[in-house]
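Each chain, letter by letter, is given below.
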Amino acid sequence: FYSLTESKVPEWDKYFNAAGLIQKLYSINDAKATIFLSSISLSIGDRENGMYLLTRAATQGSESACNALGTLYMADPYYHKKSKDEDLTTSLYWFIHAYRRKSYESVRNIGFILELKDDLIKSVHFYVMHFSLDPSFITAELMAQIFIRLGNKVSDKMCKYCVSLG
C-alpha cells in the first residue's frame, strides 16, 4: 500500500495516523471491524492479538469468526502449548457455535473433529448433514472411509440410516 502512495505523498506518516485509525476501529462494537483488525494482526504475525480479536468478534455474533477460530485451533494444535485433544476440543467448541448460528460450512468440520476423536457414529451424522446441504465428493469420501473403519455390520446399519435420510 505504501508503494502506491509513495510518489504522491512522500511524507505519508505525517498525514496518516495508523494508531488513531486502529483505536477508532477497536472502539466500534461491530464484529466486521473486529474481524478486520484480527486479519491485520494475524497477517503481521501477531497471533495473540489476532486470536483475541477473533474471539471478540465471535462473541459479538460472527459465524465467520467462529469458523476461523475453529480452523486455527484445528490447524495449529500445538501453538497454545496444550495437548492436541484440548485444542481439538476448543476447535469443536467454536465450530459448534458457528453451527448454532446456521453455518453449514462448520458441519463438515465438526464431523472431521469427531472423527479425529474416534466418535465415528456422530461424525457420520454430521457428514450426512453436510452432504444433504452440499453434496460434495469430499464429504462422500469421508463417509466411505468411516464405513470402512467401522466394518460391515455397522456399515450396513449406517448405510440404511443414510438412505432413510435421503
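In this text the structure is predicted, and so the values were computed from the model without any measurement.

So, on to the overall build of the protein. When you go through the protein residue by residue, the secondary structure sums to 11 helices and 0 strands. Traced from its N-terminal end to its C-terminal end, the protein shows the element sequence α-α-α-α-α-α-α-α-α-α-α. Looking at the protein as a whole, 36% of its 166 residues qualify as buried. Relative to all contacts within the protein whose residues are 6 or more apart in sequence, the contacts with residues 24 or more apart total 43%. Here the protein displays about 10,600 Å² of accessible surface, and carbon together with sulfur accounts for 59% of that area.

Right, let's talk about helix α7 (residues 84-100) for a bit. Spanning 17 residues, α7 covers 24 Å between terminal C-alpha atoms, matching the ideal 24 Å at 1.5 Å per step. The complete set of buried residues in α7 reads D87, L88, T90, S91, L92, W94, F95 and A98. Elements in contact with the buried residues of α7: α5 (47-59), α6 (63-75) and α8 (105-116). Following α7 by one or two positions, K102 has its phi on the positive side, about 70°.

In this section: the environment of S43. Relative to the helices and strands, S43 resides in helix α4 (residues 31-43). Separated by 2.8 Å, the side chain of S43 and the backbone oxygen of I40 make a polar contact.

Scanning all chains against the criterion turns up 2 aromatic pairs. Ring geometry for Y93 and W94: centres 4.9 Å apart, planes at 80°, overall edge-to-face. On the numbers, 5.9 Å between centres and 80° between planes, the contact of Y99 with F126 is edge-to-face. Of this pair, Y99 sits in helix α7 while F126 sits in helix α9 (residues 120-133), and the two are 27 residues apart along the sequence. Classification of Y99 by relative accessible area gives partly exposed; the value is 32%. Since its relative accessible area comes to 15%, F126 is described here as buried.

Moving on, we get to the packing of α8 against α9. Helix-helix packing: each pair is described by the crossing angle between the helix axes and the interaxial distance. The interhelical angle for the contact between α8 and α9, taken along N-to-C directions, is 165°, at an axis separation of 8 Å. With respect to their mutual orientation, α8 and α9 come out roughly antiparallel. Pair α8 / α9 crosses with left-handed handedness. Listed contacts from α9 to V107, R108, I110, G111, F112, L114 and E115 of α8 are L120, K122, S123, F126, Y127, M129 and H130. When its residues are assigned to classes, the contact of α8 with α9 shows 8 nonpolar, 3 polar and 3 charged.

Once that is clear, we can look at the environment of S41. Among the secondary structure elements, S41 is positioned in helix α4. Overall, S41 belongs to the buried group, its relative accessible area being 10%. The spacing of S41 and M51 is 10 residues in sequence and 8.7 Å in space, taken between C-alpha atoms. Once residues within four sequence positions are removed from consideration, S41 is found in contact with D46, N49, G50 and L53.

On to the pattern of salt bridges, then. Enumeration according to the criterion identifies 3 salt bridges in this entry. Residue E115 is joined to R149 by a salt bridge in which the shortest nitrogen-to-oxygen separation is 3.6 Å. Taken together, the residues span a long stretch of sequence, with E115 in helix α8 and R149 in helix α10 (residues 137-150) at a distance of 34 residues. Classification of E115 as buried rests on a relative accessible area of 10%. The exposure class of R149 is partly exposed, given its relative accessible area of 46%. Among the ionic pairs, R149 bridges to D118, the shortest N-O distance being 2.8 Å. Remark: D118 occurs in the loop between α8 and α9 and R149 occurs in helix α10; sequence separation between them is 31 residues. Salt bridges sharing partners connect three or more residues here, namely E115, D118 and R149.

Each value, and the rule that gives it
All residue numbers here refer to positions counted from 1 along the written sequence of the relevant chain. Where totals are concerned, whole chains, interfaces and linings use all residues; where local detail is concerned, this predicted model gives features only for residues with pLDDT of at least 70, and gives and counts side-chain atom pairs only at 80 or more. Computation of side-chain values: all heavy atoms of the structure, hydrogens and water removed. Numbering goes from the N terminus for both helices and strands, where a helix is a DSSP run of H or I of at least four residues and a strand is a run of E of at least two. Remark: exposure states derive from per-residue accessible area (1.4 Å probe, protein chains only) relative to the maximum for the residue type, with buried under 20%, exposed over 50%, and partly exposed in between. Any pair of residues with heavy atoms lying within 4.5 Å of one another is described as a contacting pair. In this description, accessible areas are obtained by the Shrake-Rupley approach with a 1.4 Å probe, and a residue is regarded as covered only by the protein chains that are shown. Between the first and last residue of a helix there are one fewer steps than residues, each counted as 1.5 Å, and that sum is the expected span. We define a polar contact as two N or O atoms separated by no more than 3.5 Å, with the added condition that, inside protein, one atom must be a possible hydrogen donor and the other a possible acceptor, whereas residues neighbouring each other in sequence contribute only through side-chain atom pairs. In this scheme Phe, Tyr and Trp rings, the latter by its six-membered ring, pair at centre separations within 6.5 Å, and the angle between planes marks the pair as stacked below 30 degrees, edge-to-face above 60, and tilted otherwise. Working convention: axes come from line fits to C-alpha atoms, limited for helices to the stretch in contact. Angles between N-to-C directions cover 0 to 180 degrees. Relative orientations are named as follows: roughly parallel for angles under 35 degrees, roughly antiparallel for angles over 145 degrees, roughly perpendicular for angles from 65 to 115 degrees, and oblique for any other angle. Rotating anticlockwise by less than a right angle from the far helix to the near helix defines a left-handed crossing, while the corresponding clockwise rotation defines a right-handed one. The classification used treats Ala, Val, Leu, Ile, Met, Phe, Trp, Tyr, Cys and Pro as nonpolar, Asp, Glu, Lys and Arg as charged, and all other residues, Gly among them, as polar. In what follows, salt bridge is the name for a side-chain nitrogen of Lys or Arg lying within 4 Å of a carboxyl oxygen of Asp or Glu.

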